Amino acid sequence: MSFLDKLNQRYATKAMNGEVVSQEKIDNILEAIRLAPTSSGLQPFEVFVITDNAIKKQIREIAWNQSPVTDCSHLLVFAAWDNYTADRINHMFDLTNEIRGFKNEGWENYRQQLLAGYPPRDAEENFEHAARQTYIAFMCAIAQATFEGVDSTPMEGFDPNALDTILGLREKGLRSTILLPIGYRDAEKDWLVDLVKVRKPMDQLVTII
Ligand SMILES: Cc1cc2nc3c(=O)[nH]c(=O)nc-3n(C[C@H](O)[C@H](O)[C@H](O)COP(=O)(O)O)c2cc1C
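Anyway, here's the lowdown on the structure attached to this text. (Residues numbered from 1 in each chain as written. Predicted model: local features only at pLDDT ≥ 70, side-chain atom pairs only at ≥ 80, totals over all residues. Heavy atoms only, no water.)

1. Quick word on the overall build of the chain
Logical step 1: Across its full length, the chain holds eight helices and four strands.
Logical step 2: Projected onto the principal axes, the alpha-carbon positions of the chain cover approximately 60 × 45 × 35 Å.
Logical step 3: In the chain, once contacts between residues fewer than 6 apart in sequence are set aside, the share between residues at least 24 apart is 80%.
Logical step 4: Computed over 22 positive and 30 negative side-chain charges, the separation of the two mean positions in the chain equals 2 Å. (Helix = DSSP H or I, 4+ residues; strand = E, 2+ residues; numbered from the N terminus. Contact = heavy atoms within 4.5 Å. Lys, Arg positive; Asp, Glu negative; His and termini not counted. Charge placed at Lys NZ, Arg CZ, Asp CG, Glu CD.)

2. A short note on a nonpolar patch on the surface
Logical step 1: On the surface, a nonpolar cluster with roughly 470 Å² of combined accessible area is contributed by Met-202, Leu-205, Val-206 and Ile-208.
Logical step 2: For Met-202, the position within the fold is in the segment after β4 (174–183). (Patch = residues over 30% accessible without salt bridge, like charges linked within 9 Å, V, L, I, M, F, W, Y side chains within 5 Å. Areas by Shrake-Rupley, 256 points an atom, 1.4 Å probe, with all protein chains shown as cover. Salt bridge = Lys/Arg side-chain N within 4 Å of Asp/Glu carboxyl O.)

3. Some remarks on the site of the ligand
Logical step 1: Close to the ligand lie 13 residues; Arg-10, Lys-14, Gln-66, Lys-197 and Arg-199 are nearest.
Logical step 2: Contact distances for the ligand include 2.7 Å between a nitrogen atom and a side-chain N or O atom of Gln-66.
Logical step 3: In this structure, Glu-156 approaches the ligand through a main-chain N or O atom, which is 2.9 Å from a nitrogen atom.
Logical step 4: Expressed as a share of its isolated accessible area of 620 Å², the protein-covered part of the ligand is 66%.
Logical step 5: The residue makeup of the shell around the ligand, split by class, is six nonpolar, two polar and five charged. (Near = heavy atom within 4 Å. Polar contact = N/O pair within 3.5 Å; in protein donor to acceptor, adjacent residues only side chain to side chain. Nonpolar A, V, L, I, M, F, W, Y, C, P; charged D, E, K, R; others polar.)

4. Quick word on the nonpolar core
Generally speaking, soluble globular proteins have nonpolar side chains that are buried together.
Logical step 1: Counting residues in hydrophobic clusters, the biggest one holds 30 residues, and the most contacted among them are Leu-42, Leu-75, Val-77, Ile-89 and Leu-179.
Logical step 2: Of all the secondary-structure elements, those providing two or more residues to this core are β1 (45–50), β2 (74–81), α5 (86–100), α6 (105–117), α7 (123–147), α8 (160–167) and β4.
Logical step 3: At five residues, the largest contribution of residues to this core is made by β2.
Logical step 4: In contact with Ile-89, not counting residues within four places along its chain, are Leu-42, Tyr-84, Leu-114, Leu-115, Tyr-118 and Pro-119. (Core = buried A, V, L, I, M, F, W, Y, C linked by side-chain atoms within 4.5 Å. Buried < 20%, exposed > 50% of the residue type's maximum accessible area, 1.4 Å probe, protein only.)

5. Remarks on the side chain of Lys-56
Logical step 1: Tracing the backbone shows Lys-56 in helix α3 (residues 53–61).
Logical step 2: For Lys-56, the residues in contact, after removing those within four places along its chain, are Ile-50, Thr-51, Val-69, Thr-70, Cys-72 and Ser-73.

6. Quick word on the layout of surface pockets
Where empty space is left can be seen by rolling a probe of water-molecule size over the atoms.
Logical step 1: Taken as a whole, the largest pocket holds about 360 Å³ of empty space.
Logical step 2: Lining of the largest pocket is provided by Leu-4, Leu-7, Asn-8, Arg-10, Met-139, Lys-197, Arg-199, Lys-200, Pro-201, Met-202 and Leu-205.
Logical step 3: Residue contributions to the lining of the largest pocket peak at three residues, all from helix α1 (residues 3–9).
Logical step 4: Its residues placed into classes, the lining of the largest pocket shows six nonpolar, one polar and four charged.
Logical step 5: Reported here for the second largest pocket is a volume of approximately 300 Å³.
Logical step 6: Looking at the second largest pocket, it is lined by 13 residues, and the ones nearest its centre are Gly-41, Gln-43, Met-92, Leu-95 and Ile-99.
Logical step 7: The dominant element in the lining of the second largest pocket, judged by the number of residues it contributes, is α5, at five residues.
Logical step 8: Partitioned by chemical class, the residues of the lining of the second largest pocket number six nonpolar, five polar and two charged. (1 Å grid on protein atoms, 1.4 Å probe; cavity = no way out; pocket = protein on both sides within 12 Å on 5 of 7 lines; lining within 4 Å. Points joined across faces, edges and corners; volume = space filled by probe spheres on them.)

7. Things to note about the packing of helix α2 (residues 23–34) against α7
Logical step 1: Interaxial distance between α2 and α7 falls to 8 Å at its minimum, and their mutual angle equals 145 degrees. In the crossing of α2 with α7, the sense of the turn from one axis to the other is right-handed. On α7, the residues that touch Asn-28, Ile-29, Ala-32 and Ile-33 of α2 are Ala-137, Cys-140, Ala-141, Gln-144 and Ala-145.
Logical step 2: Class assignment of the residues belonging to the contact of α2 with α7 gives a composition of seven nonpolar, two polar and no charged. (Axes fitted to C-alpha atoms, helices over the stretch in contact; angles between N-to-C directions. Left-handed = near helix turned anticlockwise from the far one by under 90°.)

8. Some words on the packing of aromatic side chains
Logical step 1: Taken as a whole, this structure holds seven aromatic pairs when the rule is applied.
Logical step 2: Pairing Phe-93 with Tyr-110 gives two aromatic rings, centres 6.2 Å apart and planes at 50 degrees, and the pair type is tilted. Within this pair, whereas Phe-93 is found in helix α5, its partner Tyr-110 is found in helix α6, the two being separated by 17 residues in sequence.
Logical step 3: With relative accessibility at 0%, the residue Phe-93 sits in the buried group.
Logical step 4: Since its relative accessible area comes to 28%, Tyr-110 is described here as partly exposed.
Logical step 5: Seen in terms of ring centroids, Tyr-135 and Phe-138 are 6.0 Å apart; in terms of plane orientation they differ by 70 degrees. Their pairing is edge-to-face. Taken together, the residues Tyr-135 and Phe-138, both in helix α7 and three residues apart, mark about one turn of the helix.
Logical step 6: Judged by its relative accessible area of 8%, Phe-138 is buried.
Logical step 7: Each member of the aromatic cluster is reached from another via a ring pair, and the members are Phe-78, Tyr-135 and Phe-138.
Logical step 8: Lying across the ring of Phe-147, Lys-6 places its NZ or CZ 5.1 Å from the centre. (Phe/Tyr/Trp six-rings, centres within 6.5 Å; stacked < 30°, edge-to-face > 60°. Lys NZ or Arg CZ within 6 Å of the ring centre and 35° of its normal.)

Structure follows, in structure tokens:
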């Protein structure tokens, strides 16, 4: 099956059956997140993998009572940095130098450019920038889950402040952005499972110039 065939089969699963996804598939999905491109390679977020039923239940209460939150196998929570600090920027630049084993003048100039530009900015603007990066990794996770034959539900329908409190994210300098329950569909309970996918025609989406 081609990648496009798999993307056509993927859908935002509305009901899951509680079946556990193998650790190998979960690891592959997490690796796809790790490999996601991010602005300047800063990877300004962390991902929390929730399997604890009591925590899932608490989260469902502040996530519009959406059943995949508790009926999934693993609930991924994407949490962006609440701000860009010099320490956070330096950490990623130092890591790059350490892994590549050399310092590059252009790269070091770029570090200084970010250090001069990001930390002085408004924290909210920096958080919004970091939050956008989580969506890229989020889509990598969805695509890898699809590749693995695993269902998922992209989810913005929750109260991020309440979730931050449940997981103690603010104390870690993080703010939740999106949820991704991962698991297997409950076809009998899922109203969306057999409905035709709706997308705009290509000519309303793409302009060739
Ligand atoms: C960022 C984002 C947030 C979403 N939030 C929710 C959500 O909270 N609950 C839900 O059931 N679906 C949610 N969806 C799913 C969309 O409604 C769905 O992807 C869209 O209608 C297209 O349908 P399809 O994914 O089944 O092809 C979200 C999707 C995205 C990308």
